[in-house]
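Fold and geometry: a report
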Amino acid sequence: MIYVLFAALIWAMGWGLNTVIANGRAAKTSAAQIGVPLIFGATVLIIWELLVTGLNISAVILPAPTAIATAFGANLTILWADFFQTFVKGAFSGYVIGCGAAFLVAIVVDRYDFLRRGLLPVGNFVAALPIVGTAPILVMWFGFDWQSKAAVVVVMVFFPMLVNTVAGLRDTSTMQRDLMRTYGASYTQTLLKLRIPAAMPFVFNGLKIATSLALIGAIVAEFFGSPVLGMGFRISTSVGQLALDMVWAEIVVAAIAGSLFYGLVAKIEQWVTFWHPSQRKH
């Protein structure tokens, strides 16, 4: 019981501290924006540790953060190899191929209206297909190594990126396009100097959505066949061995990789679309 009360006290202290920071004069500073989530995360971890220890929760059900940290530190070599196999080879390669192809196809689709009318509904249909149905097929087609995981990622990211890019290319107003024609601009000049720059917020919206889809797709695809390597493979085998601390260690790696990947794309978006109202600091 004392652990539960202590956990409640820690929660109240963390809540109060974050409230003071969020409502204070320095709420909009970089230190406050970083400090608030760090305090919240630390509070959750402390409470997690206290409740698991105090309530004697089995490690098979929920390991303590200290046990996860121990497994993380003891298996750095394995975790790095799994990260490289799943994220770098599978997720990132599929992300680059899928998003790059979608961007080029979107330009063609925008140019020819019959393609937009015919391809986008097909894209919505394919995007709605469950990954657990498509992943085993692609694994059988492309083999059990990273190529099949990249293929799954391509399928997952292609159509969200395509839809966002097409929407962005069509976002310019009639007045803007008429003005370019008045200046004697060709289709290519209008595309490069007006429509693609104006579409960048939509393009980066698709890129940010695809960051999480890519990692999820690569991990899930490894459940259906993989060499003895990879985050999905390790999670699947560790669950069978009841090594839940290793499962959580892989989840931590995936969370860190996904967050950093999303943050990198968001940072590039700030540099590219600095002119857009969404990037203005209030």
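Residues numbered from 1 in each chain as written. Predicted model: local features only at pLDDT ≥ 70, side-chain atom pairs only at ≥ 80, totals over all residues. Heavy atoms only, no water.

1. Describing the overall build of the protein
Applied cut-off: Strands here are runs of E lasting at least two residues and helices are runs of H or I lasting at least four, both read from the DSSP assignment and numbered beginning at the N terminus. Any pair of residues with heavy atoms lying within 4.5 Å of one another is described as a contacting pair. Each accessible area value is a Shrake-Rupley result obtained with a 1.4 Å probe; residue values ignore everything except the protein chains displayed when judging cover. Think of it this way: Lys and Arg go in the positive column, Asp and Glu in the negative one, and His and the chain ends go nowhere. Charge positions come from single atoms, namely NZ of Lys, CZ of Arg, CG of Asp or CD of Glu.
The number of helices and strands found in the protein is 11 helices and zero strands. The order of α-helices and β-strands along the protein, N terminus first, is α-α-α-α-α-α-α-α-α-α-α. A fraction of 73% describes how many contacts in the protein between residues 6 or more apart in sequence connect residues 24 or more apart. In the structure as shown, the protein presents an accessible area of about 15,900 Å², 72% of it carried by carbon and sulfur atoms. Positive and negative charge centroids in the protein, built from 17 and 11 side chains respectively, lie 14 Å apart.

2. Points about the environment of Leu192
By the element assignment, Leu192 lies in helix H9 (residues 187–222). Taking C-alpha positions, Leu192 is 46 Å from Val228, a pair spaced 36 residues apart along the chain.

3. Some details on the domain arrangement of the protein
Interface size is commonly expressed as the accessible surface area that is lost when the partners come together. The test is simple: For the domain bounds, the source is a domain assignment made automatically or taken from a database.
Annotation of the protein at the domain level lists domain 1 (2–57) and domain 2 (72–279). The distance between the C-alpha centroids of domain 1 and domain 2 comes to 34 Å.

4. Digging into a nonpolar patch on the surface
Our working rule: Without a salt bridge and with relative accessible area above 30%, a residue can belong to a patch; like charges are then joined within 9 Å and nonpolar side chains (Val, Leu, Ile, Met, Phe, Trp, Tyr) within 5 Å. The term salt bridge refers to a side-chain nitrogen of Lys or Arg lying within 4 Å of a carboxyl oxygen of Asp or Glu. Three exposure classes are used, based on accessible area relative to the maximum for each residue type with a 1.4 Å probe and protein chains only: buried under 20%, partly exposed in between, and exposed over 50%.
The grouping of Val4, Leu55, Ile57, Val60, Ile61 and Leu242 at the surface amounts to a nonpolar patch, some 520 Å² of accessible area in total. Among the secondary structure elements, Leu242 is positioned in the loop between helix H10 (231–240) and helix H11 (244–272). Assessed through its relative accessible area of 52%, Leu242 is described here as exposed.

5. A closer look at the packing of H9 against H11
Heads up, the condition is: To get an axis, a line is fitted to the C-alpha atoms, and for a helix only the part in contact is used. The angle between two axes follows their N-to-C directions and goes from 0 to 180 degrees. Small angles under 35 degrees read as roughly parallel and large ones over 145 as roughly antiparallel, with 65 to 115 read as roughly perpendicular and the rest as oblique. It is the rotation of the near helix from the far one that decides the hand of a crossing: anticlockwise by less than a right angle makes it left-handed, clockwise makes it right-handed. Classes in brief: Ala, Val, Leu, Ile, Met, Phe, Trp, Tyr, Cys and Pro nonpolar; Asp, Glu, Lys and Arg charged; the others, Gly included, polar.
Two elements in contact, H9 and H11, have axes whose closest approach is 10 Å; the angle formed by their N-to-C orientations is 165°. Viewed along their axes, H9 and H11 adopt a mutual orientation that is roughly antiparallel. Note on packing geometry: the crossing formed by H9 with H11 is right-handed. Listed contacts from H11 to Met200, Pro201, Phe204, Leu207, Lys208, Thr211, Leu215 and Ile219 of H9 are Ala254, Gly258, Phe261, Tyr262, Val265, Ala266, Ile268, Glu269 and Val272. Looking at the contact of H9 with H11, its residues break down into 13 nonpolar, two polar and two charged.

6. Quick word on the nonpolar core
What tends to happen in soluble globular proteins is that the nonpolar side chains get buried as a cluster. Put simply, the rule reads: To define a nonpolar core, start from buried Ala, Val, Leu, Ile, Met, Phe, Trp, Tyr and Cys residues and group those joined through side-chain atoms within 4.5 Å.
Formed by 42 residues in total, the largest nonpolar core has its most connected members in Phe87, Tyr95, Cys99, Leu162 and Leu207. Elements with a minimum of two residues in this core: helix H4 (76–111), helix H7 (146–169), H9, H10 and H11. Residue contacts for Leu162: discarding those within four places in its chain leaves Ala102, Val105, Ala106, Leu119 and Leu120. With seven residues, the next largest nonpolar core counts Ala135, Leu138, Val152 and Met156 among its residues.

7. Comments concerning the packing of helix H5 (residues 113–127) against H7
Axis separation between H5 and H7 bottoms out at 9 Å; the angle between their running directions is 140°. Considering their axes alone, H5 and H7 lie oblique with respect to each other. Here H5 and H7 pass one another in a crossing that is left-handed. Of the residues in H7, those touching H5 at Arg116, Leu119, Leu120, Gly123, Asn124, Val126 and Ala127 are Val155, Phe159, Leu162, Val163 and Val166.

8. Side note on the packing of aromatic side chains
In plain terms, the rule: Pairing of aromatic side chains here covers Phe, Tyr and the six-membered ring of Trp, requires ring centres within 6.5 Å, and sorts the geometry by plane angle: under 30 degrees stacked, over 60 edge-to-face, intermediate tilted.
Using the criterion set out here, one finds eight aromatic pairs in the structure. Summarising the aromatic geometry, the rings of Trp80 and Phe84 are spaced 6.5 Å apart at their centres and angled 40° between planes, so their arrangement reads as tilted. Of this pair, Trp80 and Phe84 both sit in helix H4, separated by four residues, roughly a single helical turn. Judged by relative accessible area, which is 37%, Phe84 ranks as partly exposed. Ring geometry for Tyr95 versus Phe261: centroids 4.8 Å apart, planes at 65°, classification edge-to-face. In this pair, Tyr95 is assigned in helix H4 and Phe261 in helix H11, connecting sequence segments 166 residues apart. Take Tyr95: its relative accessible area is 6%, and that puts it in the buried class.

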